[in-house]
Amino acid sequence: MLNDSDLGVLIRESDSLFPFIESLHVLAITCFFGSIAMVDLRLIGVSFLEKPILSFSRVVLPYTWKAFAVAFVTGLLLFVSKADTYSHNQFFLMKMSLLMCAGINMLFFQFATGKNMDKWPTSEALPAAARLAGFTSLVLWVSIIICGRWIGFTLI
Amino acid sequence: MQTQGLLDFCNALEETSLSIWIKDNSEWFVPSVQVVHIIFIAAILVSFFILNFKIMKAPIGDNSLRFDLKRLSSIISGAFFVLLITGLLMIVAEPARSLGSPAFQIKVVLLILTLLIFLLFKYTLNNDYHYWQRTPKLKMLSRLFIAVSTLLLMGIVFAGRWIAYF
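Residues numbered from 1 in each chain as written. Chains lettered and ligands numbered in written order. Predicted model: local features only at pLDDT ≥ 70, side-chain atom pairs only at ≥ 80, totals over all residues.

**Comments concerning the overall build of chain A**
Okay, step 1: Along its length, chain A carries six helices and zero strands.
Okay, step 2: The linear arrangement of helices and strands in chain A, starting from the amino end, is α-α-α-α-α-α.
Okay, step 3: For chain A, the spread of C-alpha atoms along the three principal axes comes to 55 × 25 × 25 Å.
Okay, step 4: Counting contacts in chain A only where the partners sit at least 6 residues apart, residues at least 24 apart contribute 78% of the total. (Helix = DSSP H or I, 4+ residues; strand = E, 2+ residues; numbered from the N terminus. Contact = placed C-beta atoms within 7 Å.)

Below, the structure written as structure tokens:
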């Protein structure tokens, strides 16, 4: 149904629309990943240690969410253009599952692990649960990029 | 732009053992290299955006720019190096498709311009951390460079993706 929608046909049959949306998707993903990786690296204790996690994440995360919104909308448009093909691609399905895991990890961090973020030390290593959340997030997002790239090589 | 010399070079490159090996293993090697390429593009984009933001917003006397410049410069330089290696591997994998593509040629020009702006910022800020805030004219010029570099970075990502199509 999605595959045969006017929008799907328009994107699929245009010479430049699909690559344009795909480029926007990649741009949004790079901005999203770059910014969330900064917060994850801070959580793990690898970089940006001089910045308190609470204020650091408050500065960075709004940009992260904006980039995610663009990646989500452009991803949806790409999906609509080849819904049949994507929905049968194992790497696409894996990417969606990993996205759900990343979402759960974020929600868990927001409402459980990071609930007392304001009481965490400002310039030292963070609690183990926070470091684990950062590491999990980083692994999940790298895996999502891997699956995303593999989709392009396995579409039939 | 596709000259005979370029095509000859591509053909010679295609016959190297590295190119043949990459082609034989292209199923996993090319997407793996592309994943690394994308991750380091993300590192450059975000580092550049932070650097731009700091140059625009850091108040005079704020020493964090000194620290950030050092850290971001090493991230940007390191990421450029990784992009160079992964980019070269992708060229060797498909020389004619990449070197002969107008999108690739545009990407290289944009990359060089971005690198020049980065070096300009690095050189001036290393001598004076608030160089771009000294006069209204310099402030305006820095904003122009920041806007241009942002567009260039976006252009690099776009051109990179369009290599697959044109």
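**Quick look at the overall build of chain B**
Okay, step 1: From N to C terminus, chain B includes seven helices and zero strands.
Okay, step 2: The principal-axis extents of the C-alpha atoms in chain B amount to approximately 55 × 30 × 25 Å.
Okay, step 3: Here chain B holds 166 residues, and the buried ones make up 31% of them.
Okay, step 4: Across chain B, contacts joining residues at least 24 apart in sequence account for 82% of those joining residues at least 6 apart. (Buried ≥ 20, exposed ≤ 12 C-beta atoms within 10 Å, placed from the backbone.)

**Quick word on the packing of helix H1 (residues 6-13) of chain A against helix H3 (residues 53-81) of chain A**
Residues and elements named next belong to chain A.
Okay, step 1: The interhelical angle for the contact between H1 and H3, taken along N-to-C directions, is 90 degrees, at an axis separation of 7 Å. It follows from the interaxial angle that H1 and H3 lie roughly perpendicular. Taking contact as the criterion, the partners of Leu-7, Gly-8, Ile-11 and Arg-12 in H1 are, on H3, Leu-77, Val-80 and Ser-81. (Axes fitted to C-alpha atoms, helices over the stretch in contact; angles between N-to-C directions. Parallel < 35°, antiparallel > 145°, perpendicular 65-115°, else oblique.)

**Overview of the interface of chain A and chain B**
Okay, step 1: Taken together, the contacts link 18 residues of chain A with 16 residues of chain B.
Okay, step 2: Listing elements by their share of the side of chain A that touches chain B, those giving two or more residues are helix H2 (17-44) and helix H6 (128-154) of chain A.
Okay, step 3: No other element matches H2(A), which puts twelve residues into the side of chain A that touches chain B.
Okay, step 4: Grouping the amino acids of the side of chain A that touches chain B by side-chain chemistry returns twelve nonpolar, four polar and two charged. (Nonpolar A, V, L, I, M, F, W, Y, C, P; charged D, E, K, R; others polar.)

**Things to note about unusual backbone geometry**
Residues and elements named next belong to chain A.
Okay, step 1: Unlike most non-glycine residues, Phe-48 shows phi in positive territory, near 55 degrees.
Okay, step 2: For Phe-48, the location among the structural elements is in the loop between H2 and H3.
Okay, step 3: Assessed through the 17 C-beta atoms surrounding it within 10 Å, Phe-48 is described here as partly exposed.

**Thoughts on the environment of Met154(B)**
Okay, step 1: Looking at where Met154(B) falls in the secondary structure, it is placed in helix H7 (residues 136-162).
Okay, step 2: For the pair Met154(B) and Ala96(B), spaced 58 residues apart in sequence, the C-alpha to C-alpha distance is 24 Å.

**Considering the environment of Thr124(B)**
Okay, step 1: Looking at where Thr124(B) falls in the secondary structure, it is placed in helix H6 (residues 102-127).
Okay, step 2: Put simply, Thr124(B) and Ser17(B) are 107 residues apart on the chain and 44 Å apart in space, counted from C-alpha to C-alpha.

**Here we look at the packing of H2(A) against H6(A)**
All names here are of chain A.
Okay, step 1: Running from N to C, H2 and H6 cross one another at 155 degrees; their axes reach a closest spacing of 8 Å. It follows that H2 is roughly antiparallel to H6 by the angle criterion. The chirality of how H2 crosses H6 is left-handed. When H2 is examined against H6, the residues Ile-29, Phe-33, Ile-36, Ala-37, Asp-40, Leu-43 and Ile-44 are found in contact with a partner set consisting of Ala-130, Arg-131, Ala-133, Gly-134, Phe-135, Ser-137, Leu-138, Trp-141 and Ile-145. (Left-handed = near helix turned anticlockwise from the far one by under 90°.)

**Some details on the environment of Phe80(B)**
Okay, step 1: Within the secondary structure, Phe80(B) sits in helix H4 (residues 64-93).
Okay, step 2: Once residues lying within four places of it in the same chain are set aside, the contact partners of Phe80(B) are Ile44(B) and Leu115(B).

**A few points about the confidence of the model for chain B**
Okay, step 1: Per-residue confidence for chain B gives a mean pLDDT of 87, with 95% of residues at or over 70.
Okay, step 2: As a predicted assembly, this complex carries a pTM of 0.88 together with an ipTM value of 0.86. (pLDDT = per-residue confidence, 0-100.)

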